[in-house]
Amino acid sequence: MPDLLLELFSEEIPARMQDRASADLKRLVTQGLVDAGITYEAAAAFATPRRLALSVTGLLAASPALREERKGPRVDAPEQALAGFLRATGLAREQLEIRDDKKGQTYFAVIEKPGRAAGEVAAEVIEATIRNFPWPKSMRWGAGSLRWVRPLHSILCILSDAAGVENVALEVDGIKAGDTTEGHRFMGGGRFAVTSFDDYAARLKRNHVILDAEDRAAMIEADARNLAFAQGMDLVEDAGLLAEVAGLVEWPVVLMGDIAPDFFGLPAKVLQTSMKAHQKFFSVRNPKTGGIEKFITVANRETADHGATILAGNRKVLFARLSDARFFWENDLRTVRAVGLEGMGQGLADVTFHNKLGSQADRVKRIEALAREIAPLVGAAPDLAAEAARIAKADLQSEMVAEFPELQGLMGMYYAREAYHNDGVPEACAEHYAPLGPNDNVPSAPVSVAVALADKIDTLTGFWAIDEKPTGSKDPFALRRAALGVIRLVLANQVRAGLVHTIAEARNNCDANDLLAFLHDRLKVHLKDQGIRHDVIDACLAMPGNDDLTLLVNRATALAAFLKTDDGENLLQGYKRANNILAQAEARDGVSYEGAPEVRFAEDATETALFGALDAAEPAIAAYLEAEDFAAAMAAMAALRAPIDAFFEAVQINADNQIVRRNRLCLLNRIREVMGQAAQFSAIEG
Amino acid sequence: MQPATRPTCFQEVILRLQAYWAGKGCAILQPYDMEVGAGTFHPATTLRSLGVRPWAAAYVQPSRRPSDGRYGENPNRLQHYYQYQVLIKPSPPDLQALYLGSLEAIGIDMSLHDIRFVEDDWESPTLGAWGLGWEVWCDGMEVSQFTYFQQVGGHDCAPVSGELTYGLERLAMYVLGVDHVMDMPFNAPDAPIPLTYGDVFRQAEQEYSRFNFDIADTGKLLGHFEDAEAECQAILSSPVDDPKTGKRIVMAQPAYDQCIKASHLFNLLDARGVISVTERQAYIGRVRALAKLCADAYVATSDGGAGAA
């Protein structure tokens, strides 16, 4: 049972690609081995900035030999039949056996596939894996034609077992696999040979390489926390940054430095963003002041001066970067103080939003009008909503946002405060882009909600009007995200209005029904994630007022809960039975049974009881629906379950007496109508 | 490796790089005599990275980025600065080691500093060019761009060139331990007339910052842009057979000069803030179209590898 060790040693692999690459390496190589008959016990893959490594243990030493028998044509069959069989099997006539078969003498081919040694299979599989590796971006180098993420320098590939170590005979574009590799670029001690995975990992460590990214991340996190803690500070956690930094170093050395007090006046988020974006620094917060006062950087080596030079260099770079940030911040503040945010945003008139939808300034005007219109529906003062909408995009013209686009909105909030906006207007600047994703927080402050809705509804109706809808996987204007944003804003804030449809109708060329259908589709996806089935939603979509998403979802939630109860499930079956019988009868008789059933034709006690139950339930359900108390309406409907079950149990609908039959069919129709007040049950599956 | 003694001034950093790369076999060229945004625009990089002929060159290129002007006040932002550029085709297998050697040559002690290769794919939409590589960090500071060219002017690079670009001011400030670019010694501090970077460039930075941001006549710039574009196209549509010499002369490089001009004029217009987002794409597309025409023409020349095996 040999073990396979593979290392692909290259120039620096981008940090963001390492995780995926090691997983792909493992998947492709092990799949290839198994497909060729070499099974294994366990596999693990690793990545550092300069290497992908794979350890596969407990391989079959060789793939099992295969013996396959194929029956061919009869001996007296036409020549072409035999020729075809020889082609198919790759054998010559004299290699075939002739056996007696039921139908006479027949050719048989016996194909023996000998087992292949693990090393031979591994070489083939690995070469194919290297040549077809799914890098997000790959390149050529020098005069060669091989593609890899960066130049590939060496391949280590060995099979080892109790008997010893064997180099796998593998060569890819002139790179011959061997049993050696090298350690850290600066701290390693030259090439070395390895004999097994354990030996490899241990020697790498001696040569200052920590193979496992999780180990590196854990080291960085622990050291960073300890350094901050020792000074009474808190590390600002950032999992994404941690993973990235772990992919930039083979030998992490965590260093903490001071931020010059000159920059304490910058907003914390600006400090954090600048340090992270440009230098991949962690932020360290002083719990007493709440400000970011120190940074943590992760070097890739130890030095004789314990990182003093490295830290000094990093501090200097930070100083320059933050000088820039402060330069932008101060310029922006100066602008805002002089001309306000509206002045800052003047340039939006020169920025095209979309060539068919005008400039950003045109868009701001539309959003302002919409925000004013939406404001009363969400409990915001129309003037405040309009004010916020007017300035919410102004920071796109600020120097800070030009440098750090991810600070859009947030800078608007700071600048709005500076320009003496208040009453929720600054916060609306920050929040009006939200929610950005399915997990992003949904604003709840009324002014923010008004502007956030106006922003997204303008986008949706605008792109619908110029027929730029998402198709398949293409959604260049992020309209699905905008639709989900509208849905989450409406639902989280229980907004009650047929917003989108009304607004879309008021807009030229915008197909309001089509847009509403798109919104309904996104709603289905959203509710599915929350455990409400699409058919339950369909049953509610068929009801009036379906452009009021809050109402729609309240109804769907109550219906979904009802269907989970015993009563609900059985009532649905009763409904379906009634519906099926009616559909058959209507199809056969060519008439519809929509007349009012009459209790005087009732023959069975259960039939009379059902009349009574329907008479009682109908006004009750209607009243609850009127009050939009869907749960109570469903509960009232539950009272129908027993009478309906009893009715079907005791009574044959298709009675010989045509008057009785007709009356019963009309009674079934009445069940359909009474239940149909609450939802279209025929849409529900199961 | 030579001992990592520290240079004393800006020009010594340049001289050491020149000596180092000369020692590694590069032809030491001079700057191109036109306004460019980066050393890559020098024909010794853009055009020479095309075709199959081997190439190895290094040079200083004065570069202009109008929108980076800070009136000479920012410690390290300049609208005019120097890049050091190395281009070797095909890229040698030990290019990373050669590069690290150049850092040692200018006095960076590898045992004290943290050198990192951080993903940074290079793309020049105006040149229709892209490559993969890194920005090289020294103690968190970007000191170079390191790129393996994959495509230039829309043509696949085969063989692939390795390109190194050093931002000379920033690198030198770091090596010399200077905090503000204007304070950096330009020549030796003990020279009879010691000059700082500020002595040489401060006033020019001020003048150009004002000019670039507020004065440059955008109408004229736009006119120049269109002239350069038309000239480039006209040069390349001239018949390749020269009646005077009777030779076949494709004028790739004169045409490329006009492409460089158009590119710089676009940068000036951009710095003036008169180009909107959608227009921006259109302008970039126009410059790229010129770059592509020039590349097409160049690969049809002898230097561009036409007729080579």
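Please read these numbers as outputs of a predicted model, since none were measured by experiment.

Novice: Give me the lowdown on the overall build of chain B, citing residues and values where you can.
Specialist: Across its full length, chain B carries eight helices and nine strands. On C-alpha atoms alone, chain B measures out to a radius of gyration of 20 Å, which is about the 19 Å that the 2.2 N^0.38 rule sets for 309 residues. Taking the principal axes of its C-alpha atoms as reference, chain B extends roughly 60 × 50 × 40 Å. Put simply, chain B has 309 residues, and 49% of those count as buried. Contacts spanning at least 24 positions in sequence make up 67% of the contacts within chain B whose residues lie at least 6 apart.

Novice: Give a description of the overall build of chain A that names residues and reports values.
Specialist: Looking only at helices and strands, one finds 24 helices and 18 strands in chain A. Oriented by its inertia axes, the alpha-carbon framework of chain A measures out at about 105 × 100 × 50 Å. Across the 686 residues that make up chain A, the buried fraction comes to 42%. In chain A, the proportion of contacts linking residues at least 24 apart, taken out of those at least 6 apart, comes to 65%.

Novice: Please give an account of the packing of helix H20 (residues 566–589) of chain A against helix H24 (residues 658–676) of chain A that cites residues and values.
Specialist: Residues and elements named next belong to chain A. Between H20 and H24, the shortest axis-to-axis distance is 9 Å and the interhelical angle comes to 130 degrees. Taken together, H20 and H24 sit at an angle that is classed as oblique. Here H20 and H24 pass one another in a crossing that is left-handed. Packed against H20, whose contacting residues are Tyr575, Ala578, Asn579, Ile581, Leu582 and Ala585, the element H24 presents Leu665, Leu668, Asn669, Ile671, Arg672 and Met675 at the interface.

Novice: I'd like a description of the domain arrangement of chain A, backed by residues and values.
Specialist: You can read the domains of chain A as domain 1 (3–62 + 117–206), domain 2 (66–113), domain 3 (213–331), domain 4 (351–392 + 432–530) and domain 5 (562–683). One C-alpha centre belongs to domain 2 of chain A, the other to domain 3 of chain A; they are set 74 Å apart.

Novice: Help me get a handle on the environment of B:Ala27, residues and values and all.
Specialist: Residues and elements named next belong to chain B. One can find Ala27 in strand S1 (residues 27–28). Residue Ala27 is classed as exposed on the basis of its C-beta count, with 12 C-beta atoms lying within 10 Å. A C-alpha to C-alpha distance of 31 Å links Ala27 and Gly140, two positions 113 residues apart in sequence.

Novice: Would you mind going over helix H18 (residues 534–541) of chain A in detail, with residue names and values included?
Specialist: Structural remark: α-helix, 3.6 residues per turn; residues separated by three or four positions point the same way. Along H18(A), the residues classified as buried are A:Val536, A:Ile537, A:Ala539, A:Cys540 and A:Leu541. Those residues of H18(A) hidden inside the fold are in contact with helix H17 (512–529) and helix H19 (549–564) of chain A.

Novice: Residues and numbers for the interface of chain A and chain B, please.
Specialist: Tallying the contact residues gives 34 residues for chain A and 32 residues for chain B. Take the side of chain A that touches chain B: its biggest share by element is nine residues, from helix H8 (residues 308–344) of chain A. Residues that form the side of chain A that touches chain B fall into these classes: 14 nonpolar, eleven polar and nine charged.

Novice: Report on the pairing of strand S5 (residues 97–101) of chain A, specifying residues and quantitative values.
Specialist: Residues and elements named next belong to chain A. Taken across its five residues, S5 has zero buried, putting it largely on the surface. Summarising the sheet, S5 and strand S6 (residues 104–113) pair through five bridges and their orientation is antiparallel. Across the sheet, residue Asp101 finds its bridge partner in S6, namely Gly104. Where S5 folds back on S6, the antiparallel hairpin that results is connected by two residues.

Novice: Before we move on, can you summarise the nonpolar core with the specific residues and values?
Specialist: With 233 residues, the main nonpolar core has A:Ala371, A:Ala385, A:Ala388, A:Ala450, A:Val451 and A:Leu559 as its most contacted residues. Leave out the neighbours within four places in its chain, and A:Ala371 touches A:Ala385, A:Ala386, A:Ala388, A:Ala389, A:Ala450, A:Val451 and A:Ala454. Within the second largest apolar cluster, 42 residues are counted, among which are A:Trp141, B:Tyr283, B:Ala295 and B:Ala297.

Novice: Which residues make up the packing of helix H9 (residues 360–374) of chain A against helix H14 (residues 446–465) of chain A, and what values go with them?
Specialist: The relative placement of two packed helices comes down to the angle between their axes together with the axis-to-axis distance. Residue and element names in this part refer to chain A. Running from amino to carboxyl end, H9 crosses H14 at an angle of 130 degrees, the nearest separation of the two axes being 8 Å. Classified by the angle between their axes, H9 and H14 sit oblique to one another. Crossing geometry of H9 relative to H14 is assigned as right-handed. Of the residues in H14, those in contact with Arg363, Arg366, Ile367, Leu370, Ala371 and Ile374 of H9 are Ala450, Val451, Leu453, Ala454, Asp455, Ile457 and Asp458.

Novice: Could you give an account of the sheet that holds strand S16 (residues 292–299) of chain A, with specific residues and numbers?
Specialist: All names here are of chain A. If you trace the four strands from one edge of the open sheet to the other, you get S13-S15-S16-S14, paired in antiparallel fashion. Each end of this open sheet is capped by a strand with a single partner; those strands are strand S13 (234–235) and strand S14 (253–258). Examined bridge by bridge, S14 and S16 share six bridges and lie antiparallel to one another. If you follow Val254 over to S16, its bridge partner there is Val298. Against the sheet, helix H5 (residues 213–230) makes contact with S13, S14, strand S15 (282–285) and S16, and its axis sits at roughly 30 degrees relative to S14, the strand it touches most.

Novice: Provide a residue-level description of the environment of A:Leu516, including the pertinent values.
Specialist: All names here are of chain A. Positionally, Leu516 belongs in helix H17. The spacing of Leu516 and Ala679 is 163 residues in sequence and 19 Å in space, taken between C-alpha atoms. Once residues lying within four places of it in the same chain are set aside, the contact partners of Leu516 are Val500, His501 and Asp547.

Novice: Tell me about unusual backbone geometry, and please be specific about residues and values.
Specialist: Between B:Lys89 and B:Pro90 the backbone carries a cis peptide bond, its omega angle lying at -10 degrees. Summarising the element assignment, B:Pro90 is placed in the loop between strand S3 (80–89) and helix H3 (95–105). A cis amide bond, omega 0 degrees, links B:Ala158 with the succeeding residue B:Pro159. Tracing the backbone shows B:Pro159 in the loop between strand S8 (155–156) and strand S9 (162–167). Phi at A:Asp173 is positive, roughly 45 degrees, even though this residue is not glycine. Here A:Asp173 is to be found in the loop between strand S9 (171–172) and strand S10 (175–176). Residue A:Asp173 is classed as partly exposed on the basis of its 13 C-beta neighbours within 10 Å. Despite not being glycine, A:Tyr420 shows a phi value in the positive range, around 65 degrees. With respect to the element layout, A:Tyr420 can be found in the loop between helix H12 (410–418) and helix H13 (425–431).

Novice: I'd like to hear about the pairing of strand S4 (residues 115–119) of chain B, residue by residue, with values.
Specialist: Residues and elements named next belong to chain B. Of all five residues in S4, four are buried; the element is thus mostly enclosed. The pairing of S4 with strand S6 (residues 129–138) spans five bridges and is classified as antiparallel. Within S6, the position partnered with Arg116 by the bridge is Trp137.

Novice: Requested: an account of the sheet that holds S6(A), with residues and values cited.
Specialist: All names here are of chain A. The antiparallel open sheet is built from three strands, whose spatial order is S4-S6-S5. The open sheet has two free edges, formed respectively by strand S4 (66–74) and S5, since each of these has just one partner strand. Each strand axis lies, on average, 35 degrees off the axis of its neighbour in the sheet, ignoring direction. Taken strand by strand, helix H2 (residues 79–89) contacts S4 and S6, and its axis lies near 165 degrees from that of S4.

Novice: Could you give an account of the confidence of the model for chain B, with specific residues and numbers?
Specialist: Interpreting fine coordinate detail is not advised for predicted regions of low pLDDT. Within chain B, residue pLDDT values average 93, and 97% of them lie at 70 or more. At the level of chain-chain contacts, confidence expressed as ipTM amounts to 0.93, with global pTM at 0.79.

Novice: Give a description of H14(A) that names residues and reports values.
Specialist: Residue and element names in this part refer to chain A. The terminal C-alpha atoms of H14, which comprises 20 residues, lie 28 Å apart, in line with the 28 Å expected from a rise of 1.5 Å per residue. Counting buried positions along H14 gives 19 out of 20 residues, so the element sits mostly inside the fold. Following H14 by one or two positions, Asp467 has its phi on the positive side, about 60 degrees.

Scoring rules and cut-offs
- Residues numbered from 1 in each chain as written.
- Chains lettered and ligands numbered in written order.
- Predicted model: local features only at pLDDT ≥ 70, side-chain atom pairs only at ≥ 80, totals over all residues.
- Helix = DSSP H or I, 4+ residues; strand = E, 2+ residues; numbered from the N terminus.
- Rg over C-alpha atoms; globule rule 2.2 N^0.38 Å.
- Buried ≥ 20, exposed ≤ 12 C-beta atoms within 10 Å, placed from the backbone.
- Contact = placed C-beta atoms within 7 Å.
- Axes fitted to C-alpha atoms, helices over the stretch in contact; angles between N-to-C directions.
- Parallel < 35°, antiparallel > 145°, perpendicular 65-115°, else oblique.
- Left-handed = near helix turned anticlockwise from the far one by under 90°.
- Domains from an automatic or database assignment.
- Nonpolar A, V, L, I, M, F, W, Y, C, P; charged D, E, K, R; others polar.
- Pairing = 2+ DSSP bridges.
- Core = buried A, V, L, I, M, F, W, Y, C linked by C-beta atoms within 7 Å.
- pLDDT = per-residue confidence, 0-100.
- Expected span 1.5 Å × (residues − 1).

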